[in-house]
Amino acid sequence: MVAINSDPSCDMVKRADFAIIGDGDAVLAAVCAQLGQPHPESGDSRHEEVRHDAA
């Protein structure tokens, strides 16, 4: 499990196999930029649905 959260003491971060401490939107934007993909919330019509399901 990968966790992205600004709170390093968050239970989700403690249980994660890999944790990134930071702002989730900023991390997602950086990952998308590195992959050459538009950010899902940028209004790009190729992304029909963005799901944020909790595990």
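The preceding data block contains the structure.
Worth saying up front: this structure is predicted, and the values here are computed from it rather than measured. (Residues numbered from 1 in each chain as written. Predicted model: local features only at pLDDT ≥ 70, side-chain atom pairs only at ≥ 80, totals over all residues. Heavy atoms only, no water.)

J.: Looking at this model, I keep getting lost on the overall build of the protein chain. Mind explaining?
T.: Counting its regular elements, the protein chain contains two helices and two strands. When the elements of the protein chain are put in sequence order from the N terminus, they spell out β-α-β-α. Expressed as a percentage of its 55 residues, the buried residues of the protein chain come to 20%. Long-range contacts, defined here as pairs at least 24 residues apart, represent 0% of the contacts in the protein chain between residues at least 6 apart. When the accessible area of the protein chain is evaluated, it comes to approximately 4,400 Å², of which 51% is carbon and sulfur surface. (Helix = DSSP H or I, 4+ residues; strand = E, 2+ residues; numbered from the N terminus. Buried < 20%, exposed > 50% of the residue type's maximum accessible area, 1.4 Å probe, protein only. Contact = heavy atoms within 4.5 Å. Areas by Shrake-Rupley, 256 points an atom, 1.4 Å probe, with all protein chains shown as cover.)

J.: Sorry if this is basic, but what is going on with the pattern of salt bridges here?
T.: In a structure, side chains of opposite charge can pair up when their charged atoms sit close to one another. Within the structure shown, the criterion is met by one salt bridge. Between arginine 15 and aspartate 11 there is a salt bridge, with its nearest N and O atoms 4.0 Å apart. With arginine 15 and aspartate 11 both in helix 1 (residues 11-15) and four residues apart, this pair spans about one turn of that helix. The exposed category is assigned to arginine 15, whose relative accessible area is 62%. (Salt bridge = Lys/Arg side-chain N within 4 Å of Asp/Glu carboxyl O.)

J.: Whenever I open this one, the environment of aspartate 17 confuses me. Can you help?
T.: You can see aspartate 17 is positioned in the loop between helix 1 and strand 2 (18-21). The spacing of aspartate 17 and methionine 1 is 16 residues in sequence and 5.2 Å in space, taken between C-alpha atoms. A polar side-chain atom of aspartate 17 sits 2.5 Å from the main-chain amide nitrogen of methionine 1. (Polar contact = N/O pair within 3.5 Å; in protein donor to acceptor, adjacent residues only side chain to side chain.)

J.: What am I meant to see in the side chain of asparagine 5 here?
T.: Summarising the element assignment, asparagine 5 is placed in strand 1 (residues 2-5). Within the local environment of asparagine 5, its side chain forms a polar contact with the backbone nitrogen of aspartate 7, the two atoms lying 2.8 Å apart. Not counting the four nearest positions on each side in its chain, asparagine 5 is found in contact with Cys10, Met12, Val13, Ile20, Ile21 and Gly22.

J.: Just checking my understanding: could you explain a nonpolar patch on the surface for this structure?
T.: Together, Val2, Ile4 and Phe18 make up a nonpolar patch on the protein surface, roughly 280 Å² of accessible area in all. Mapped onto the fold, phenylalanine 18 is located in strand 2. Its relative accessible area of 49% is what places phenylalanine 18 among the partly exposed residues. (Patch = residues over 30% accessible without salt bridge, like charges linked within 9 Å, V, L, I, M, F, W, Y side chains within 5 Å.)

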